[in-house]
Amino acid sequence: MLNKKKELDMDRLDMLMDKYDSPEGLVNLIVDHDRLTAKEFWQVFRYVYEDLDNVHFLTELSAARRVIDSKYNLASASMEKDEQKELFRMQHESTKCTIYRGTLGKYNIGYSWTLNKGRATWFATRFARVYNKTPMLHEVQVPTKTIKAYWGLREQEIFIPPSILLKNKQDILLTKCG
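Residues numbered from 1 in each chain as written. Predicted model: local features only at pLDDT ≥ 70, side-chain atom pairs only at ≥ 80, totals over all residues. Heavy atoms only, no water.

1. Describing a nonpolar patch on the surface
On the surface, Val27, Val31 and Leu61 cluster together to form a nonpolar patch covering roughly 220 Å² of accessible area. With respect to the helices, strands and loops of the structure, Leu61 is situated in the loop between helix H4 (57–60) and helix H5 (62–71). For Leu61, a relative accessible area of 34% puts it in the partly exposed group. (Patch = residues over 30% accessible without salt bridge, like charges linked within 9 Å, V, L, I, M, F, W, Y side chains within 5 Å. Areas by Shrake-Rupley, 256 points an atom, 1.4 Å probe, with all protein chains shown as cover. Salt bridge = Lys/Arg side-chain N within 4 Å of Asp/Glu carboxyl O. Helix = DSSP H or I, 4+ residues; strand = E, 2+ residues; numbered from the N terminus. Buried < 20%, exposed > 50% of the residue type's maximum accessible area, 1.4 Å probe, protein only.)

Here it is in structure tokens:
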């Protein structure tokens, strides 16, 4: 019986991922958030968020920011077991960590950060010549207890709402790179 329930959960998750898999779908997911469990919301949110190349619009939609902020404490539901272990290790080894964000001077305070300075530099420089922009590297120290979503051992992505960085009045170091 347990396996049958797991299959049904996976079928529902697949259906939800198909339903919300687009920029408009991500907005609809946020609108529909109260119809989903926290685990469904965060798993689908992560799947769609990581699949989109441009998610900056989320920082501009106040309703999206409110929903994400209100659900952020449950964002660990989006993580795989190995990611949960790594976040647990991080939080128990240190009270603070440095995170980085690479931009072209716009959307400086977004949701996606990384523990890997080289990765952030890559994000900052990958389109700089195409758009004739100056790549910028943002660096900030955050309390590890404020991190609820660590996505991917490869990119070492920290998903953290800008409101947390702004609320804690973090000093964000900004430098040109590339």
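2. Section: the packing of aromatic side chains
Taken as a whole, this structure holds 13 aromatic pairs when the rule is applied. Pairing Phe41 with Trp42 gives two aromatic rings, centres 5.2 Å apart and planes at 85°, and the pair type is edge-to-face. Trp42 carries the same exposure label as Phe41, and that label is buried. Ring plane angle 10° and centroid distance 5.2 Å describe the contact between Tyr111 and Phe159, whose orientation is recorded as stacked. Highlighted residues: Tyr111 in the loop between strand S1 (96–103) and strand S2 (112–114) and Phe159 in strand S5 (residues 157–159), separated in sequence by 48 residues. On the accessibility criterion, Tyr111 (2% relative accessible area) is buried. Above the ring of Phe41, the side-chain terminus of Lys71 is found at 5.3 Å from the ring centroid. The aromatic ring of Trp122 is capped on one face by Arg119, whose charged end is 4.6 Å from the ring centroid. (Phe/Tyr/Trp six-rings, centres within 6.5 Å; stacked < 30°, edge-to-face > 60°. Lys NZ or Arg CZ within 6 Å of the ring centre and 35° of its normal.)

3. Some thoughts on the layout of surface pockets
Quantified by volume, the largest pocket comes out at close to 980 Å³. Taken together, 32 residues form the lining of the largest pocket, with Asp53, His56, Gly102, Phe123 and Arg126 sitting closest to its centre. Elements represented by at least two residues in the lining of the largest pocket include exactly helix H3 (38–51), S1, S2 and helix H7 (117–125). A total of 5 residues in the lining of the largest pocket trace back to one element, the largest contributor, which is H7. Here the lining of the largest pocket is composed, by residue class, of 14 nonpolar, 8 polar and 10 charged. (1 Å grid on protein atoms, 1.4 Å probe; cavity = no way out; pocket = protein on both sides within 12 Å on 5 of 7 lines; lining within 4 Å. Points joined across faces, edges and corners; volume = space filled by probe spheres on them. Nonpolar A, V, L, I, M, F, W, Y, C, P; charged D, E, K, R; others polar.)

4. Describing H5
Looking at H5, one finds that the buried residues are Ala64, Val67, Ile68 and Lys71. Projection of H5 onto a plane perpendicular to its axis shows the buried side chains occupying an angular sector of 95°, all on one side. The exposed residues of H5 that point more than 90 degrees off its buried face are Arg66 and Ser70. Residues of H5 that are buried in the fold lie against helix H2 (23–31), H3, H4 and S5. (Arc of directions from axis to C-beta. Contact = heavy atoms within 4.5 Å.)

5. Describing the confidence of the model for the protein chain
Chain-level statistics for the protein chain give a pLDDT mean of 87 and a share of 91% at 70 or above. Residue range residues 1–8 is modelled with pLDDT below 50. Its contacts to residues more than four positions away, or to other chains, number 0 contacts. (pLDDT = per-residue confidence, 0-100.)

6. Looking at the packing of H2 against H3
The contact between H2 and H3 brings their axes to 10 Å, and the two run at 165°. Classified by the angle their axes make, H2 and H3 are roughly antiparallel. Handedness of the H2/H3 crossing: left-handed. Contact residues: H2 offers Leu26, Leu29 and Ile30, while H3 offers Phe41, Val44, Phe45 and Val48. Among the residues forming the contact of H2 with H3, the class breakdown is 7 nonpolar, no polar and no charged. (Axes fitted to C-alpha atoms, helices over the stretch in contact; angles between N-to-C directions. Parallel < 35°, antiparallel > 145°, perpendicular 65-115°, else oblique. Left-handed = near helix turned anticlockwise from the far one by under 90°.)

7. Examining the pattern of salt bridges
A full pass over the atoms with the stated rule returns 8 salt bridges. Arg46 is the salt-bridge partner of Glu83, the closest N and O atoms lying 2.7 Å from each other. Taken together, the residues Glu83 in helix H6 (residues 81–93) and Arg46 in helix H3 connect sequence positions 37 residues apart. Here Glu83 falls in the buried class, since its relative accessible area comes to 4%. Between Arg89 and Glu86 there is a salt bridge, and its shortest N-O distance comes to 2.3 Å. Residue Arg89 and its partner Glu86 are located together in helix H6, separated by 3 residues, close to a single helical turn. Arg89 gets classed as partly exposed once you look at its relative accessible area, which sits at 34%. Taking the relative accessible area as the measure of exposure, Glu86 reaches 22% and is therefore partly exposed. What you see here is one network of salt bridges that share partners, running through Lys19, Asp32 and Arg35.

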